[in-house]
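Observations on chain architecture
For reference, the chains in residue letters:
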Amino acid sequence: MKNFVWVILALLVILSSAIGGYYLQLIISQGSAPLDDTGAPTHETVIGEPRPDFSLPDPSGDMRTISDWDGDILAINFWATWCAPCKDEIPEFVELQKQYRDRGVTFVGVAIDSNAAVTEFIDRYGMNYPVLIGEQAAIDAAEAYGNELGALPYTAFVDRAGRISHVRRGRLPKPEAEAILQQLTGPAG
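Residues numbered from 1 in each chain as written. Predicted model: local features only at pLDDT ≥ 70, side-chain atom pairs only at ≥ 80, totals over all residues. Heavy atoms only, no water.

Side note on the pattern of salt bridges
Applied cut-off: Only one rule defines a salt bridge in this text: a Lys or Arg side-chain nitrogen within 4 Å of an Asp or Glu carboxyl oxygen.
Evaluation of the coordinates by the stated rule reveals seven salt bridges. Where salt bridges share partners, they join Arg51, Asp53 and Asp70 into one cluster.

As structure tokens, this is what we get:
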């Protein structure tokens with residue numbers, strides 16, 4: 001009887017590990033969360049919706065509103081200084097900001113962190129685009145843009161008409177970001 005209990009426990013552990021592994025792989029491979037009632041990834045339900053408004057302070061303490069950049073194509077990136085994938089993608093965003101600035105693209109970093117940590121990070125990484133800072137208010141903004149799980153990094157693209165056109169949970173590789181920007185800006189010329 002004792003061996004039978006151990007066998008059952010071992011099978012339960014193996015089964016739960018397999019299910020958890022499958023679920024984790026699904027999230028990683030799709031870059032998305034569980035599906036909603038319609039079968040669509042929950043974070044994509046904001047595609048085509050008007051850009052939610054929010055206000056947060058910049059590193060100097062001045063309040064900025066996301067509508068300050070109305071008319072630009074926005075790449076709104078929710079991140080934190082302690083987030084390893086964020087550290088990987090931000091230097092690429094710095095390059096893309098340089099490359100697309102003259103085409104009306106503005107990256108806006110929304111740091112879910114403390115002002116002191118963010119200020120040091122901005123200097124270290126040479127961030128050349130606006131950064132806003134918040135804690136719960138920044139989390140609330142991320143949720144309004146479809147980040148219901150609170151994952152970091154999370155990037156939402158807003159077209160010139162002020163509608164959310166693309167969202168990406170997790171690290172956004174530079175080629176993928178560039179393809180989105182080319183789609184939104186049209187051919188260089």
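After that view, the rundown keeps rolling.
Some details on helix 4 (residues 136-144)
Put simply, the rule is: Classification of residues uses two cut-offs on accessible area relative to the type maximum, computed with a 1.4 Å probe and protein chains only: under 20% is buried, over 50% is exposed, and between them is partly exposed. The helix and strand labels rest on DSSP assignments: H or I over at least four residues marks a helix, E over at least two residues marks a strand, and numbering proceeds from the N terminus. Regarding the arc, it is the one traced by the directions from the helix axis to the C-beta atoms. Whether two residues are in contact is decided by their heavy atoms, any of which lying within 4.5 Å being enough.
Along helix 4, the residues that are buried comprise Ala138, Ala141 and Ala142. Buried residues of helix 4, seen end-on, are gathered within an arc of 100 degrees and therefore sit on one face of the element. Contact partners of the buried residues in helix 4: strand 1 (55-57), strand 3 (73-79), strand 4 (105-112), strand 5 (131-134) and strand 6 (154-158). Gly146 sits one or two positions beyond helix 4 and adopts a positive phi of about 100 degrees.

Quick word on the environment of Phe78
When you line up the elements, Phe78 lands in strand 3. Looking at Phe78, the relative accessible area reads 0%, which means it is buried. Distance from Phe78 to Val108, taken between C-alpha atoms, is 8.6 Å for residues 30 residues apart in sequence. Ignoring sequence-local partners within four residues, the contact set of Phe78 consists of Val110, Ala138, Ala141, Ala142, Tyr145, Leu152, Pro153 and Tyr154.

Side note on unusual backbone geometry
That bond from Leu152 to Pro153 is cis: its omega, -10 degrees, falls within 30 degrees of zero. Assignment of secondary structure puts Pro153 in the loop between helix 4 and strand 6.

Regarding the packing of aromatic side chains
Applied cut-off: We call Phe, Tyr and Trp rings a pair once their centres come within 6.5 Å, taking the six-membered ring for Trp, and we label the pair stacked below 30 degrees between planes, edge-to-face above 60, and tilted otherwise.
Within the structure shown, the criterion is met by eight aromatic pairs. On the basis of an interplanar angle of 90 degrees and a centroid distance of 5.9 Å, the ring pair of Phe54 and Tyr145 is categorised as edge-to-face. Taken together, the residues span a long stretch of sequence, with Phe54 in the loop between helix 1 (2-30) and strand 1 and Tyr145 in the loop between helix 4 and strand 6 at a distance of 91 residues. Across the pair, exposure class does not vary: Phe54 and Tyr145 are buried alike. Ring geometry for Phe93 against Phe107: centres 5.1 Å apart, planes inclined by 35 degrees, an arrangement best described as tilted. With Phe93 in helix 2 (residues 84-100) and Phe107 in strand 4, this residue pair connects regions lying 14 residues apart in the sequence. Judged by its relative accessible area of 1%, Phe107 falls in the buried class. Taken together, the aromatic side chains of Phe54, Phe78, Tyr145 and Tyr154 make up a single cluster linked through ring pairs.

Considerations on the state of the cysteines
To keep it simple, the criterion reads: When two cysteine sulfur atoms lie within 2.5 Å, the pair is treated as a disulfide.
What the rule picks out here adds up to one disulfide. Each sulfur of the disulfide joining Cys83 and Cys86 lies 2.3 Å from the other. Every disulfide takes its handedness from the sign of the S-S torsion; for Cys83 and Cys86 that torsion is 80 degrees, giving right-handed. Each member of the pair, Cys83 as well as Cys86, carries the same accessibility label: buried.

Comments concerning the pairing of strand 6
We apply this condition: Strands are treated as partners if at least two bridges between them are detected by DSSP.
Within strand 6, five of the five residues are buried, which leaves it mostly tucked inside the rest of the structure. Where strand 3 lies against strand 6, five bridges are found, and the strand directions are antiparallel. Considered in strand 6, the bridge of Phe78 is made with Tyr154. Here strand 6 pairs with strand 7 (residues 164-169) via five bridges, running antiparallel. The partner of Val158 across the bridge, within strand 7, is Ile164.

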